[in-house]
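Structure assessment
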Amino acid sequence: MSRLRQLLEAGLRTDTSQHTHPRYPGAVALVMRNGELIEKAAVGDAVRYGPGPELLSPDEREAMTPDTVFDIASLSKLFTAATTLALSDEGLLTLDTPAASQFPEWADDIRGEITVRHLLTHTSGLPAVRRLWEIPTQAQRVAAVLQAPLTHTPGSHFEYSCVGYIALGLFLERLTGSRLPRLVEHAVLTPLGLADTSYRPHRGLVARTAATEYQPYVGRGMVRGEVHDENNWALGGTAGNAGLFSTAHDLARFGEMLRLGGEVDGARVLDPDTARAMITDQLPSRLKPGYRHGLGPRIGDRSFMGSLAAHGAIGHTGFTGTSLVVTPSLGTVTILLTNRVHPSREWSEISTIRQQVADLTLTEAGRT
């Protein structure tokens, strides 16, 4: 049995001294080095609980497979960021373009200082979240995003903000006149050939999708094939903070694009200088959130990168239990996808497994 499989299967077991539930019903992970697959494993169940939620009998469950489709949650922010930067390469915007150029409601107050760079780096001063699912209409929800009061002066503070990335998606839509899914498809998905990555997956992909959470508090049952994030769902499933579904294979190819300077197998997504900027620290030195931040990715965040953080790793996590780590200095890409919120986000956290998979990558890369 491979070490990767052993790690993943450990997450299926309940440690009664620490937890009352397994860390996740199932997981898929892979490790690549210099474009070659080193290890890949799939364990557990993609669907373990029914609509009640009740524990399904073994013959009713659906097993994880290497091509299981996951709601990747905030890993979607990397695709929103890459799309933004691809549009900058086309000359449609710059990092210093004021967001107020598309949001006139921001022009006459301090929000007029917010730039595209601020939105990409979580330094806009916008709040972390808003409870959009409690607002009755779509138009009112969008207005609530754009009317969100700032928690800090733009550029003065780092606060991870889903509201900021929702605003960034709206900015791109107003700038181009196209919906975000089409922009992401044109800029990233089609060039890289990511056939299993999409917003609002079609029926064929839904049949391969891992279930997420039971959400009766927003009028939903067991969520599967629809975005888990309540704010994104309230905005139609295609906002800039979340919403994408993908597989380990597709995410590894996206990671290779980041590792190789914006291009894979002759398919260029970003200009080399732009790709370099995306994974380079953009935060002023006085801002110290515990890691550094590029134009989308985190840099050196040990909480999920483990020992890879010390080697300049970049990446992101998703609330549903997903993570992507790229370590250019080692030539590695590490993908971990779980359905840890199935059937409840309260049942577990997976930082230890994330770190262990990252540490395994370092071992496989021949470093100590």
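The next subject is unusual backbone geometry. Following glycine 52, the chain continues to proline 53 via a peptide bond in cis, the omega torsion being 0 degrees. Cis geometry marks the peptide bond from histidine 342 to proline 343; its omega dihedral reads 5 degrees. Tracing the sequence through the fold places proline 343 in the loop between strand S13 (332-338) and helix H12 (351-364). The phi angle at asparagine 34 is positive, at roughly 50 degrees, despite the residue not being glycine. Note on placement: asparagine 34 falls in the loop between strand S1 (26-33) and strand S2 (36-47). In this model, alanine 73 sits at a positive phi of 55 degrees, which is unusual for a non-glycine residue. Relative to the helices and strands, alanine 73 is located in the loop between strand S4 (70-71) and helix H2 (76-89). For alanine 73, a relative accessible area of 8% translates into the label buried.

Mapped onto the fold, threonine 332 is located in strand S13. Setting aside anything within four residues of it in sequence, one finds threonine 332 in contact with Met32, Arg33, Arg259, Val325, Val326, Thr327, Thr361 and Ala365.

Moving on: empty space enclosed by the protein. What the rule picks out here adds up to three cavities of 30 Å³ or more. Estimates place the volume of the largest cavity at around 60 Å³. What lines the largest cavity is simply Pro22, Arg23, Tyr24, Pro25, Arg48, Tyr49, Arg340, His342, Pro343, Trp347 and Ser348. Taken together, the residues of the lining of the largest cavity break down into six nonpolar, two polar and three charged.

Conventions and cut-offs
- Residues numbered from 1 in each chain as written.
- Predicted model: local features only at pLDDT ≥ 70, side-chain atom pairs only at ≥ 80, totals over all residues.
- Heavy atoms only, no water.
- Helix = DSSP H or I, 4+ residues; strand = E, 2+ residues; numbered from the N terminus.
- Buried < 20%, exposed > 50% of the residue type's maximum accessible area, 1.4 Å probe, protein only.
- Contact = heavy atoms within 4.5 Å.
- 1 Å grid on protein atoms, 1.4 Å probe; cavity = no way out; pocket = protein on both sides within 12 Å on 5 of 7 lines; lining within 4 Å.
- Points joined across faces, edges and corners; volume = space filled by probe spheres on them.
- Nonpolar A, V, L, I, M, F, W, Y, C, P; charged D, E, K, R; others polar.

These results come straight from atomic positions and should not be treated as a statement about function.
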